[in-house]
Amino acid sequence: MNTPSEDYHALLARHDAMRLRRRILTPSDSRPEPWSAKAPQAYDGTADQRLISDFLPLVSPLEELIAELYRLLFERHPYLRSLFPESMAFQQVHLVGIFRYLIGNLHRTDEMIGVFEQLGRDHRKLGVRPAHFEAFEAALIEALRVRAGARWTSALEGAWLRMLRLAVSAMVRGADAAIAEPPSWEATVTSHELRTPDLAVLRVRPHQPYAFEAGQYASMESPLLEQAWRPYYLARAPHPDGELEFHVRARGAGGVSDALVHGTQEGGTVRLSAARGSLALPDHPSADILLIASGTGWAPMKALLQRIDADRSRAHRVRLLLGLAAPQDRAAVEEMYDAAYLEAFRRGRPWLTVIAADATDARFAGAGLRALNGILTPRRGAAARQHAILALAPEVSTTGPAQALTARLVAAGVPVAQIHHETTGIDAVTETSASTTRTGLLSA
């Protein structure tokens, strides 16, 4: 028997199939656009940004505004509660981060639109539809009025509405652009191996073809926590057997990672989002590559190394710097959880050099920076040919290590355009959120 969630998502899949058929059969110039699908023309968000920022104390703290928003949303539309996880704590913090990102980047309209188009594609897996945005908008405006009281003005309301509709229209366009893509993939767990008491290596096989590139990540949902998703790097390059690999560390917070590590077993199922991410190999087939990873940040590096090894047209010289993620992660460095694989892979591949940061240092940034002194050659022009890819572990709770490593690479002459780490989509949107990510890493 199907669960209500399964029935709902099956209905959404049929709905999308019908929309796609109508799009194919309907002439492009006669297709009606949803209320929020049209992008504003020549919109400069600077004035709205200034107005919203100047009067933000009226509705602050944002945490209380968001709590009021969700209270009103579920009170007016109880059926929408099923689209959200049982615990709303993470969701509320996440939305606070999104609003901070919106307000802080409203003057960079084009960049912001790109981020929210991606967010719209990703929200398809949650079953979000344009009508839900209308309900959300009404709840937000009511919450703003409640928080601001008599000092609320029509000018402020207009600024908030323009900001919200800019983001929502981008999300709807992003979702529409991905209509031919499944909103999510069911996958069977083919292997679940505990490498440490709190870290598991999972292999899963999607039930449908799943496209991705080495270096990307996918969000995963456990059936133990419906509608709660967390992103994890794919730790295996595309393979003919179709299996995907993920490295997951439990955080002890009862979230998705804990469910995947301690509540998942072989034969179980999970749901996957489409693969996203920007950690990719350079186009030049012989560029020098520096891979910098800590903790489970090793996962995308493993996939990238497999990709290099499989492509005989590439002649990279690769150096892999592995280091400490955080003081509490020292055990993972002293006994790297995937050491046997790495040692076997390293043998017979002269193009790969593996360097470990000083495991006695309590901070990866300090150890990593010292190791970089021996990696970055002082020869003129050598650093300019270097491409660096960073993936620090989710256990790093601040942006400091990634920023320090990036600054050191730039100072050594590596062009900033050749330093690659996640800077869009999930990371950019949640940058200012206390519980989410922006350190070139993914939430666990």
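Residues numbered from 1 in each chain as written. Predicted model: local features only at pLDDT ≥ 70, side-chain atom pairs only at ≥ 80, totals over all residues. Heavy atoms only, no water.

Let's talk about the packing of helix H3 (residues 62-76) against helix H6 (residues 130-148)
A pair of packed helices is characterised by two quantities: the angle between their axes and the separation of those axes. Filter applied, for reference: Helix axes are fitted only over the stretch in contact, all axes being lines through C-alpha atoms; the angle between N-to-C directions runs from 0 to 180 degrees. Only runs of H or I of at least four residues qualify as helices and only runs of E of at least two qualify as strands under DSSP, and these elements are numbered from the N terminus. For classification, angles of less than 35 degrees are called roughly parallel, those exceeding 145 degrees roughly antiparallel, those between 65 and 115 degrees roughly perpendicular, and all remaining angles oblique. For any pair of crossing helices, the crossing counts as left-handed if the nearer helix is rotated counterclockwise from the farther one by less than a right angle, and right-handed if it is rotated clockwise. Contacts were defined at the residue level, with two residues in contact if any of their heavy atoms lie within 4.5 Å. Any residue that is not Ala, Val, Leu, Ile, Met, Phe, Trp, Tyr, Cys, Pro, Asp, Glu, Lys or Arg is counted as polar, Gly included; the first ten are nonpolar and the last four charged.
Contact pair H3 / H6: the axes reach a minimum separation of 8 Å and the direction vectors enclose 130°. The angle between H3 and H6 places the two elements in the oblique class. H6 is crossed by H3, and the crossing has right-handed handedness. Side by side, H3 and H6 meet where Glu64, Leu65, Glu68, Leu69, Leu72, Leu73 and Arg76 of the first sit next to Ala135, Phe136, Ala139, Leu140, Glu142, Ala143, Leu144, Val146 and Arg147 of the second. Its residues assigned to classes, the contact of H3 with H6 comprises 11 nonpolar, no polar and five charged.

Re H3
Here is the rule: To estimate how far a helix should reach, multiply one less than its number of residues by 1.5 Å. Using a 1.4 Å probe on the protein chains alone, a residue whose accessible area is under 20% of its type maximum counts as buried, one over 50% counts as exposed, and one in between counts as partly exposed.
Over its 15 residues, H3 extends 21 Å from the first C-alpha to the last, a length consistent with the 21 Å expected when each residue adds 1.5 Å. Buried residues of H3: Leu62, Leu65, Ile66, Glu68, Leu69, Tyr70, Leu72, Leu73 and Phe74, and no others. The inward-facing, buried residues of H3 contact helix H4 (89-105), H6 and helix H7 (154-177).

Brief notes about the pairing of strand E5 (residues 244-249)
As a reminder of what qualifies: For two strands to pair, DSSP has to find at least two bridges joining them.
Extensive coverage of E5 is indicated by the burial of six of its six residues. A two-sided burial pattern is seen for E5, the buried positions comprising Leu244, Phe246 and Val248 on one face and Glu245, His247 and Arg249 on the other. Where strand E2 (residues 199-206) and E5 come together, six bridges link them in antiparallel fashion. For Val201, the partnering residue across the bridge sits in E5 and is His247.

Digging into the sheet that holds strand E3 (residues 217-221)
On the basis of which strands lie adjacent, the open sheet formed by six strands has the order E4-E3-E6-E1-E2-E5 and antiparallel pairing. One side of each edge strand has no neighbouring strand; the edge strands of this open sheet are strand E4 (229-233) and E5. The sheet shows a mean angle of 40° between the axes of neighbouring strands, direction not considered. Pairing geometry for strand E1 (residues 185-196) and strand E6 (residues 269-272), over four bridges, is antiparallel.

Quick look at unusual backbone geometry
Of note, the bond from Ser60 into Pro61 is cis; its omega dihedral lies within 30 degrees of zero at 0°. With respect to the secondary-structure elements, Pro61 resides in the loop between helix H2 (46-54) and H3.

What about the nonpolar core?
The cut-off we apply is this: Residue types Ala, Val, Leu, Ile, Met, Phe, Trp, Tyr and Cys, when buried and joined through side-chain atoms within 4.5 Å, form a set referred to as a nonpolar core.
Counting 55 residues, the largest nonpolar core has Val59, Tyr70, Phe99, Phe116 and Trp160 as its most contacted members. Secondary-structure elements contributing two or more residues to this core are H3, H4, helix H5 (109-123), H6 and H7. A per-element tally of this core places H7 first, with 12 residues. Once residues lying within four places of it in the same chain are set aside, the contact partners of Phe116 are Ile98, Tyr101, Leu102, Ala167, Ala170 and Met171. Judged by nonpolar contacts, the second largest core, of 29 residues, contains Val201, Leu279, Trp298 and Leu305.

A closer look at the sheet that holds strand E10 (residues 386-391)
The parallel open sheet is built from five strands, whose spatial order is E9-E8-E7-E10-E11. Strands with a single pairing partner mark the edges of an open sheet, and in this sheet they are strand E9 (352-356) and strand E11 (419-420). As paired strands, strand E8 (residues 318-323) and E9 are joined by five bridges and run parallel to one another. If you follow Leu320 over to E9, its bridge partner there is Val354.

Observations regarding the environment of Gly267
Inspection of the secondary structure puts Gly267 in the loop between helix H8 (256-262) and E6. Separated by 75 residues in sequence, Gly267 and His192 have C-alpha atoms that sit 9.3 Å apart. Discounting chain neighbours no more than four positions away, the residues touching Gly267 are Thr188 and Val189.

Overview of the packing of H3 against H4
The contact between H3 and H4 brings their axes to 9 Å, and the two run at 115°. Where H3 crosses over H4, the two elements pack in a sense that is right-handed. Contacts from Leu62, Glu63, Ile66, Ala67 and Tyr70 of H3 reach H4 at Gln91, Gln92, Leu95, Val96, Phe99 and Arg100. Of the residues assigned to the contact of H3 with H4, the class counts are seven nonpolar, two polar and two charged.

Considerations on the environment of Val93
Mapped onto the secondary structure, Val93 falls in helix H4. C-alpha of Val93 to C-alpha of Ala67: the two residues are 26 residues apart in sequence and 9.7 Å apart in space.

Structural notes on the environment of Leu305
Checked against the element boundaries, Leu305 lands in helix H9 (residues 298-310). What makes Leu305 buried here is its relative accessible area of 1%. Linking Leu305 and Leu281, residues 24 residues apart in sequence, is a C-alpha distance of 9.7 Å. Look past the residues within four positions of Leu305 in its chain and what remains in contact with it is Leu291, Trp298, Val318, Leu320, Phe345, Trp351 and Leu352.

With respect to the confidence of the model for the protein chain
The line we're drawing: Per residue, pLDDT captures the predictor's confidence, and it can take any value from 0 to 100.
With 75% of its residues at a pLDDT of at least 70, the protein chain reaches an overall mean of 79. Looking over the protein chain, one finds the lowest element-wise mean pLDDT in helix H14 (residues 426-429), namely 42, and the highest in E2, namely 97. Per-residue pLDDT stays below 50 along residues 424-444; that stretch engages in 72 contacts with residues further than four places along the chain or on separate chains.

Brief notes about the packing of aromatic side chains
This is how the line gets drawn: Centre distance within 6.5 Å is the pairing criterion for rings of Phe, Tyr and Trp, where only the six-membered ring of Trp is used; planes under 30 degrees apart are then read as stacked, over 60 as edge-to-face, and the remainder as tilted.
Overall, the coordinates contain 10 aromatic pairs when judged by the stated rule. Relative to Phe345, the ring of Tyr341 has its centre 5.9 Å away and its plane inclined at 25°; by these criteria the two rings are stacked. Separated by four residues within a single helix, Tyr341 and Phe345 lie in helix H11 (residues 339-346), roughly one turn from each other. Assessed through its relative accessible area of 28%, Tyr341 is described here as partly exposed. Residues Phe345 and Trp351 carry aromatic rings whose centres are separated by 6.2 Å and whose planes lie at 85° to one another, so their mutual orientation is edge-to-face. Judged by relative accessible area, which is 7%, Phe345 ranks as buried.

Focus on H6
The end-to-end C-alpha separation of H6 is 27 Å, in line with the 27 Å expected for 19 residues at 1.5 Å each. Turning to H6, its buried residues number three or more, namely His132, Phe133, Ala135, Phe136, Glu137, Ala139, Leu140, Ile141, Ala143, Leu144 and Ala148.

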